[in-house]
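# Survey of secondary and tertiary structure
For reference, the chains in residue letters:
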Amino acid sequence: MSMPTDLRDLFDLQFQASRRQIDVPLVVRRERLVRLRKLLGEHAPELSVAVEADFGVRSAAVTEMAELSVLRALLSDALRQLPRWTRRRRISTPWYLHPAQAWVQPQPLGVVGVMAPWNYPLLLSLAPVVAAFAAGNRVMLKPSERAPHTAAQLARLAGRFFSPEEFGVATGGVAVATAFAGLPFDHLFFTGSSQTGRRVAQAAAVHLTPTTLELGGKSPCIIDAGCDLHKAAASIAHGKLLNAGQTCVAPDYVLVPRGSEAAFADAFRAAALRLYPRFAGNPDYASVVDAHHHARLQALLQNAAQLGAQVEVIEPADADGSNARLQRQMAPVLVYGVTDGMRLMQEEIFGPVLPVLSYERLDDAIDYVNARPRPLALYWFGDAAGMRDEVLRRTVSGGVTVNGTLLHAAHPGLPFGGVGDSGWGAAHGEAGFRRMSHDKAVLAPARGNPAAQWLRPPYGARFQRISGLLRRWL
């Protein structure tokens, strides 16, 4: 397949610009971040309208809380911390290389490609751009074709606030995305499914392009015995039902002590109905993004029911089911009696469906999590610090929120990313800046440095004496 000419032209423009200006001054980086903040400040309303047009139903308040406010926090943190991040870092020098100075000097990589998903089309498009700009890079963005209204707005606004040499947006479908992933970027940042992430990594490997992959996965909740189920259920309901479960760090399943399944279900049901007194027609309860995704979720539930699971739909008594189906506002669903053979437990759910599993001992819950691919997030609920630390010590996940959900992803200073099947690399804060920078190692020996002499042949008696010292001291 031939690459679209305009896409390659945009890349070449940015590539040449990045090679002409290797050193990007702090003032230039700050000014780009300020322009991005101005873009969001002046055009948040039309961006929110575009997001709602893509979803069908999703209020501006949800977009403000879940996307725009997080972006503003990331921008503020970057502008505040940028002088420290960009400063060269002194490194101590071992005695056998004295006298010398050593430091690490962060430099821009060049051109960064960002491939964004549809579920948070503003946050997951622009958060990597914040890190890339802070690191002094130029950026090409490919928004998801499943959010075409948002993609069109981002392309329009990028053209108003930035030159093509700085920031360009490529819109289009699968063909454009495939061509985009095959460009020889200096770094490629992808957010999406594990299946697509593997293809992106393969395309990037052709050019030895380093990647950051944020891939989601099946993030568990572990509820400890003695935990306040009502508080835990309130947090889990919020994390699961925000954006109708279409969140990469949404709780994917919950592990509860055996015997407390019914109590948890009652608490979750009550919490869900406090958050959303109705689902159909509620502007704060997002639609499933499209008919294809809605049908996929229904197929997961049908498969689980056919294999013996118990499916409970949570909805108010006066809910208008037909309206909910028309608007794709899918009421929350609890599923009991799930097994590993069900698609529900094999795929990332990405919707308002929550399997409830039982465990006898905490060791059983930990073993269950560890027997599966490492998740993007893990949530632990309980009051015992020892049990908490045991879970943290014995499980591996991209990030953790204790006695809550989602919140670690909203902290601008914490690294955000996956591990293993849930991805690699980290975004946000200093971790994102480092990911988008090259740390150049520099050693500057003093004039007459003896290390430069004893390391050279011929290797006679002096070399033997110094080698003996090194063997004793190293």
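For the structure given in this document, a descriptive report is provided here. Because the structure is a prediction, the values reported are computed rather than measured.

Thresholds, definitions, all that
In this convention, every chain numbers its residues from 1, walking through the sequence in written order. Local features are withheld for residues below a pLDDT of 70 in this predicted model, meaning they are given only at 70 or higher, and side-chain atom pairs are given and counted only at 80 or more; totals for whole chains, interfaces and linings count all residues. Values reported for side chains reflect all heavy atoms of the structure, with hydrogen atoms and water molecules removed beforehand. Between any two strands, pairing holds if DSSP finds at least two bridges. Secondary structure elements are taken from DSSP: a helix is a run of H or I of four residues or more, a strand is a run of E of two residues or more, and numbering for both begins at the N terminus. Here the axes come from fitting lines to C-alpha atoms, over the contacting stretch only for helices, and the angles between their N-to-C directions go from 0 to 180 degrees. Points on a 1 Å grid over protein atoms alone make up a cavity when a 1.4 Å probe fits among them but cannot get out, and a pocket when they form an open set with protein on both sides within 12 Å along at least five of seven lines; lining residues each have an atom within 4 Å of a point. Grid points are joined across faces, edges and corners, and a volume is the space filled by probe spheres set on the points. When residues are grouped by polarity, Ala, Val, Leu, Ile, Met, Phe, Trp, Tyr, Cys and Pro land in nonpolar, Asp, Glu, Lys and Arg in charged, and all others, Gly among them, in polar. We define a salt bridge as a side-chain nitrogen of Lys or Arg found within 4 Å of a carboxyl oxygen belonging to Asp or Glu. Only protein chains enter the accessibility calculation, which uses a 1.4 Å probe; a residue is then buried when its area is under 20% of its type maximum, exposed when over 50%, and partly exposed in between. Note on terminology: pairs of cysteine sulfur atoms within 2.5 Å are recorded as disulfides. Like-charged residues within 9 Å of one another, or nonpolar side chains (Val, Leu, Ile, Met, Phe, Trp, Tyr) within 5 Å, are grouped into patches, provided each residue has over 30% relative accessible area and no salt bridge. Surface exposure here means Shrake-Rupley accessible area, sampled with a 1.4 Å probe, where a residue is shielded only by the protein chains that are shown. The labels follow the angle: roughly parallel below 35 degrees, roughly antiparallel above 145, roughly perpendicular from 65 to 115, and oblique for the rest. Two residues qualify as a contact provided that any one of their heavy atoms is within 4.5 Å of a heavy atom in the partner residue. Between 30 and 60 degrees the pair is tilted, below 30 it is stacked and above 60 it is edge-to-face, where a pair is any two Phe, Tyr or Trp rings, Trp via its six-membered ring, whose centres lie within 6.5 Å. Left-handed describes a crossing whose near helix is turned anticlockwise from the far helix through less than a right angle; right-handed describes the clockwise counterpart.

### Re the sheet that holds strand E16 (residues 437-445)
Read across the sheet, 3 strands follow the order E1-E2-E16 without closing on themselves; strand pairing throughout is antiparallel. The two strands at the open ends of the sheet, each matched to only one other strand, are strand E1 (89-91) and E16. Within this sheet the neighbouring strands show an average axis-to-axis angle of 30 degrees, counted without direction. Where strand E2 (residues 100-108) and E16 come together, 9 bridges link them in antiparallel fashion. For Gln-101, the partnering residue across the bridge sits in E16 and is Ala-444.

### Some remarks on the layout of surface pockets
Reported here for the largest pocket is a volume of approximately 1,400 Å³. Around the largest pocket sit 49 residues that line it, and Gly-192, Ser-193, Ser-194, Gln-195 and Thr-196 are the ones nearest its centre. Listed by contribution, the elements that provide at least two residues to the lining of the largest pocket are helix H6 (174-181), strand E6 (187-191), helix H7 (194-205) and helix H10 (291-306). When residues of the lining of the largest pocket are assigned to their parent elements, the largest contribution, 7 residues, is made by H7. Across the lining of the largest pocket, the residue classes break down as 20 nonpolar, 16 polar and 13 charged. Reported here for the second largest pocket is a volume of approximately 430 Å³. For the lining of the second largest pocket, the secondary structure elements donating two or more residues are helix H3 (60-86), helix H4 (123-134), E6, strand E7 (211-214) and helix H14 (407-410). When residues of the lining of the second largest pocket are assigned to their parent elements, the largest contribution, 4 residues, is made by H4. Partitioned by chemical class, the residues of the lining of the second largest pocket number 19 nonpolar, 8 polar and 1 charged.

### Side note on the pattern of salt bridges
The full count for this structure, using the stated rule, is 30 salt bridges. The salt bridge involving Asp-186 is made with Arg-19; its shortest N-O contact spans 2.9 Å. With Asp-186 in the loop between H6 and E6 and Arg-19 in helix H1 (residues 5-20), this residue pair connects regions lying 167 residues apart in the sequence. With a relative accessible area of 35%, Arg-19 lands in the partly exposed category. Across the pair Arg-361 and Asp-363 runs a salt bridge whose closest N-O atoms are separated by 3.4 Å. Overall, the relative accessible area of 48% leaves Arg-361 in the partly exposed class.

### A look at the state of the cysteines
Under the definition given, this model contains 0 disulfides. Considering cysteine sulfurs only, Cys-227 is the nearest to Cys-221, which forms no disulfide, with 11 Å between them. By relative accessible area, which is 0% here, Cys-221 ends up buried. In this structure Cys-227 comes out as buried when scored by relative accessible area, which is 14%.

### Overview of a nonpolar patch on the surface
Together, Trp-95, Leu-469, Trp-473 and Leu-474 make up an exposed nonpolar region whose accessible area comes to about 500 Å². Looking at where Leu-474 falls in the secondary structure, it is placed in the segment after helix H17 (461-473).

### With respect to the packing of H3 against H4
Taken N-terminus to C-terminus, the directions of H3 and H4 make an angle of 10 degrees; their axes are 10 Å apart at the nearest point. Put simply, H3 runs roughly parallel to H4. The segment H3 lies against H4, with Ala-66, Glu-67, Val-70, Leu-71, Leu-74, Leu-75, Ala-78, Leu-82, Trp-85 and Thr-86 engaging Leu-123, Leu-126, Ala-127, Val-130 and Ala-134. Grouping the amino acids of the contact of H3 with H4 by side-chain chemistry returns 13 nonpolar, 1 polar and 1 charged.

### A short note on the packing of aromatic side chains
The full count for this structure, using the stated rule, is 16 aromatic pairs. With a centroid separation of 5.5 Å and 80 degrees between ring planes, the pair formed by Phe-162 and Phe-167 is classed as edge-to-face. Taken individually, Phe-162 and Phe-167 each receive the classification buried, so the pair is uniform in this respect. Between Phe-264 and Phe-268, the aromatic rings sit 6.0 Å apart at their centres with planes inclined by 35 degrees, giving tilted as the arrangement. Residue Phe-264 and its partner Phe-268 are both found in helix H9 (residues 261-275); the two are separated by 4 residues, about one turn of the helix. We classify Phe-268 as buried; its relative accessible area is 1%.

### Some thoughts on the packing of helix H12 (residues 362-370) against helix H13 (residues 385-394)
Where H12 meets H13, the axes come as close as 10 Å, and the angle between the chain directions of the two elements is 25 degrees. The orientation of H12 relative to H13 falls into the category roughly parallel. Regarding H12 and H13, the two cross each other, and that crossing is right-handed. Judged by residue contacts, Leu-362, Asp-363, Ile-366, Asp-367 and Asn-370 of H12 engage Met-387, Glu-390, Val-391 and Arg-394 from H13.

### Things to note about unusual backbone geometry
A cis amide bond, omega -10 degrees, links His-98 with the succeeding residue Pro-99. Of note, Pro-99 is situated in the loop between E1 and E2. Backbone geometry places Asn-403, a non-glycine residue, at a positive phi of 55 degrees. Phi at Leu-406 takes a positive value of approximately 70 degrees, unusual for a residue other than glycine. Tracing the sequence through the fold places Leu-406 in the loop between strand E14 (399-402) and H14.

### Looking at the sheet that holds strand E15 (residues 423-424)
Strand order in the open sheet formed by 6 strands is E5-E4-E3-E6-E7-E15, with mixed pairing between adjacent strands. Strands with a single pairing partner mark the edges of an open sheet, and in this sheet they are strand E5 (167-169) and E15. Two elements, strand E3 (residues 111-115) and E6, share 4 bridges in a ladder whose sense is parallel. Paired with Val-112 across the two strands is His-187, which belongs to E6.

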